[in-house]
Amino acid sequence: MNYRHHFHAGNFADVFKHGALVRLARALQRKSGGLLLLDTHAGRGSYDLTAAKQGDTLARAPEWPDGIGRLWTREDRPGELEEYFTFVKKLNGEHGSAADPAPRYYPGSPWLLRAVARAQDRVALCELQPDEYAALRSECLYSPRTTVQPLDGYTALRAMLPPPERRALVLIDPPFEAQDELARITQGLRDGLRRLPGGTFVVWFPLTERAGVAEFDREGGLRRAVELPPTLLVHLVVNPSAPNLKGCGLLIVNPPWQFDRELRPLADWLAGALAQTPGGGAELRWVVPET
Ligand SMILES: C[S@@+](CC[C@H](N)C(=O)[O-])C[C@H]1O[C@@H](n2cnc3c(N)ncnc32)[C@H](O)[C@@H]1O
């Protein structure tokens, strides 16, 4: 496992994933019953962006300037992104950096899930990489109703579902280092849905040839492998001419009712704000429509 999220923290993909994640949690929290917020591939919790220069392997340019860096001073953010952005500001504020000309800290999904959790919710975080796990564990030491485990995220889907709450929002956000990552995700969704058919599962994936997403995406691909309940798919393309990473996608299984209506303006606005070359955009479609 070579991957370190530090280098990517706060990039366009994080902004999109995290903006959508906060909205998803809030939409599910319209019901008062407790919710398990499960992050199968959690990372370290939050990131000091000045360390991003060190990257995961070689020293390279950090990615956050083309992500959260672009939003930092914009005044015209859509309402759908407001709470997410407030959280990023809050983390920076905790370190005295909220008024800086550029963001200095960036919250990972564990930080955001803990921020949205209500008194009746629980947060479960899995991270396999030892250094990332240690950092995450120390960040969560005094967090109420939060567990941190050095557990394989796909095993967690079997071990932690169904939860006593009978409701869950599950983020599946692997590094896509392994050749068979999509097959593992597919099996993970099958396992998760078998245990909790009404659970909401969010899968992040890169739009690259290498990830083999075209097959996963295609009508027949995932649908042939998993019996899907209502499922929404969104692509955010920021660099259509890139030879490798053109953008990213989110697959949302069992989204809250009419979630497409709030995701569309969020994705459209971000497609404009985060575009790196012309010709990109956001595309949203139901893989299995809600009824
Ligand atoms: C894309 S990063 C996670 C980013 C994080 N979810 C966020 O949004 O802030 C993927 C993480 O998964 C970890 N990882 C890799 N394989 C794993 C596995 N099988 N189970 C759990 N964690 C794993 C990596 O060490 C890495 O920290």
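Asker: Let's hear about the pairing of strand β5 (residues 146-149): which residues, and what values?
Answerer: Two strands pair when backbone bridges link them, and strand β4 (residues 122-126) and β5 are joined in this way by four bridges, in the parallel orientation. Bridging from a neighbouring strand, C126 pairs with Q149 of β5. In this fold, β4 hands off to helix α5 (residues 130-139), which returns the chain to β5; that crossover is right-handed.

Asker: Outline helix α4 (residues 109-116), supporting the account with residue identities and numerical values.
Answerer: Spacing of three or four residues puts side chains on the same side of an α-helix, whose turn is 3.6 residues. Within α4, seven of the eight residues are buried, which leaves it mostly tucked inside the rest of the structure. For α4, the complete set of buried residues consists of S109, P110, W111, L112, L113, R114 and V116.

Asker: Any chance you could break down the environment of R77 for me, citing the residues and the numbers?
Answerer: The residue R77 is located in the loop between α2 (68-71) and α3 (82-94) in this model. Residue classification places R77 among the partly exposed residues on the basis of 16 C-beta atoms within 10 Å. R77 sits 197 residues away from L274 along the chain, and the two C-alpha atoms are 12 Å apart. Ignoring anything within four residues of it in the chain, the contact list for R77 reads L71, E82 and F85.

Cut-offs used in this document
- Residue numbers here run from 1 along each chain, matching the order of that chain's written sequence.
- Where local features are concerned, this predicted model is filtered to residues with pLDDT of at least 70; where side-chain atom pairs are given and counted, the filter is 80 or more; whole-chain, interface and lining totals use all residues.
- Pairing between strands requires that DSSP locate at least two bridges from one strand to the other.
- Secondary structure follows DSSP: runs of H or I at least 4 residues long count as helices, runs of E at least 2 residues long count as strands, and numbering of each begins at the N terminus.
- Whether a crossover is right-handed comes down to one check: with the strands pointing away from the viewer, does the path from the first strand over the helix to the second run clockwise; if it does, it is right-handed.
- Residue burial is a threshold on neighbouring C-beta atoms within 10 Å of the residue's own C-beta, all placed from the backbone, with 20 or more meaning buried, 12 or fewer meaning exposed, and counts in between meaning partly exposed.
- It is the C-beta atoms, placed from the backbone, that decide contacts: two residues are in contact if theirs lie within 7 Å.

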